[in-house]
Amino acid sequence: AIRPSLELRNEMVAALAVPDVRIRPTALQAEGTTRFHASFERCAVLHEPGQSVTVLRVADGQPIAHIPAVAAGSSEVYKLALAGDFLARVFDPPQGARRLEVWSIARGQLQWAVDDVPPMGGFDISPDMTTLAVARLDSAVHLYDLATAVPLQRYALDRLPSRMSF
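A. Geometry of the sheet that holds strand β7 (residues 98-104). Taken in spatial order, the four strands of this open sheet run β5-β6-β7-β8, and their pairing is antiparallel. Each edge of the sheet is formed by a strand with only one pairing partner; in this case those strands are β5 (77-83) and β8 (109-117). Across the sheet, the mean angle from the axis of one strand to that of its neighbour is 15°, orientation sign disregarded. Pairing of β5 with strand β6 (residues 86-91) involves six bridges; the strand directions are antiparallel. In the sheet register, Ala 83 faces β6, and the bridge partner there is Phe 86.

Take a look at the structure:
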């Protein structure tokens, strides 16, 4: 076995990329599925039943926005994500294909939606929080500008797309 010196071990540890994670006292009391924004400044809490969403400021637990429940008869929300000023969620409506909705957190309004997400299909948001990739029933992954819904690119596949990530 290789046994590095303490000096070499300390140098290796110092070279590691370690995120600055500090535990801060917070008033956040969230009951339900919770998804955090990349900055950890906000979180989205999915409430049962009805699947409404409340976006909270993590520092003091105060609500920033409320996103209404999905349509009556819809399935559970399969995926929820916060990116920039937007919240995206995917669920199965009472009729038709799986639905992706993109909501403005600042306005608490639906910005845009995609109504042909395949079963097991999903979405992901780019690390820079500007692009949304979504699987569609045309056997392709579509890239959109997250804020405007402007199509950016389409990647055709030989089968229905399923889970994805950037």
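B. Broad picture of the pattern of salt bridges. According to the stated counting rule, one finds nine salt bridges in the structure shown. A salt bridge links Glu 101 to Arg 89; its shortest N-O distance comes to 2.9 Å. Taken as a pair, Glu 101 in strand β7 and Arg 89 in strand β6 lie far apart in primary sequence, 12 residues in all. No difference in accessibility class separates Glu 101 from Arg 89, as the two residues are buried. A salt bridge links Glu 101 to Arg 99; its shortest N-O distance comes to 2.8 Å. Salt bridges linked by common partners bring Arg 89, Arg 99, Glu 101 and Asp 115 together as one network.

C. Region of interest: the pairing of strand β1 (residues 33-36). Taken together, the four bridges between β1 and strand β2 (residues 42-46) define a ladder with antiparallel strand orientation. Residue pairing across strands places Thr 33 opposite Leu 46, the latter belonging to β2.

D. Main features of the pairing of β8. Strand direction decides the pairing type here: β7 and β8, joined by six bridges, are antiparallel. Residue pairing for β8: Ser 104 is matched across the bridge by Gln 109. Hairpin connection from β7 to β8: four residues lie between these consecutive antiparallel strands, with Gly 108 at a positive phi of about 65°.

E. Seen up close, the nonpolar core. In terms of nonpolar packing, the biggest core is built from 17 residues, with Leu 100, Phe 123, Ile 125 and Leu 132 touching the most fellow members. Where this core is concerned, the elements lending two or more residues are β5, β6, β7, β8, β9 (123-125) and β10 (131-136). Listed in part, the 14 residues of the second largest apolar core include Val 70, Leu 87, Phe 91 and Ile 105.

F. Quick peek at the layout of surface pockets. In this structure, the second largest pocket spans a volume of roughly 170 Å³. For the lining of the second largest pocket, a count of residues per class yields five nonpolar, two polar and three charged.

G. Spotlight on the sheet that holds β2. Pairing in this open sheet of four strands is antiparallel, and the strands run β1-β2-β3-β4 from one edge to the other. At either margin of the open sheet sits one strand with a lone partner, and together these are β1 and β4 (63-67). The average undirected angle you get between the axes of adjacent strands in this sheet is 20°.

Cut-offs applied
- Each chain carries its own residue numbering, running from 1 in the written order of its sequence.
- pLDDT decides what is reported in this predicted model: residues at 70 or higher carry local features, side-chain atom pairs at 80 or more are listed and counted, and totals for whole chains, interfaces and linings draw on all residues regardless.
- Here the side-chain values reflect all heavy atoms present in the structure, with hydrogen atoms and water set aside.
- Here, any two strands with at least 2 DSSP bridges between them count as paired.
- Under the scheme used here, helices are H or I runs from DSSP no shorter than 4 residues and strands are E runs no shorter than 2 residues, and both carry numbers assigned from the N terminus.
- Comment: axis = line fitted to C-alpha atoms, over the contacting stretch for helices; angle = value between 0 and 180 degrees taken between N-to-C directions.
- When a carboxyl oxygen of Asp or Glu lies within 4 Å of a side-chain nitrogen of Lys or Arg, that pair is called a salt bridge.
- Burial classes: relative accessible area under 20% of the type maximum marks a residue as buried, over 50% as exposed, and values in between as partly exposed (1.4 Å probe, protein chains only).
- Remark: nonpolar core denotes a set of buried residues (Ala, Val, Leu, Ile, Met, Phe, Trp, Tyr, Cys) joined through side-chain atoms within 4.5 Å.
- The rule is simple: put a 1 Å grid over the protein atoms alone, call a set of points where a 1.4 Å probe fits but cannot get out a cavity, call an open set with protein on both sides within 12 Å along at least five of seven lines a pocket, and count a residue as lining if it has an atom within 4 Å of a point.
- Grid points are joined across faces, edges and corners, and a volume is the space filled by probe spheres set on the points.
- Put simply, Ala, Val, Leu, Ile, Met, Phe, Trp, Tyr, Cys and Pro go in the nonpolar bin, Asp, Glu, Lys and Arg in the charged bin, and everything else, Gly too, in the polar bin.

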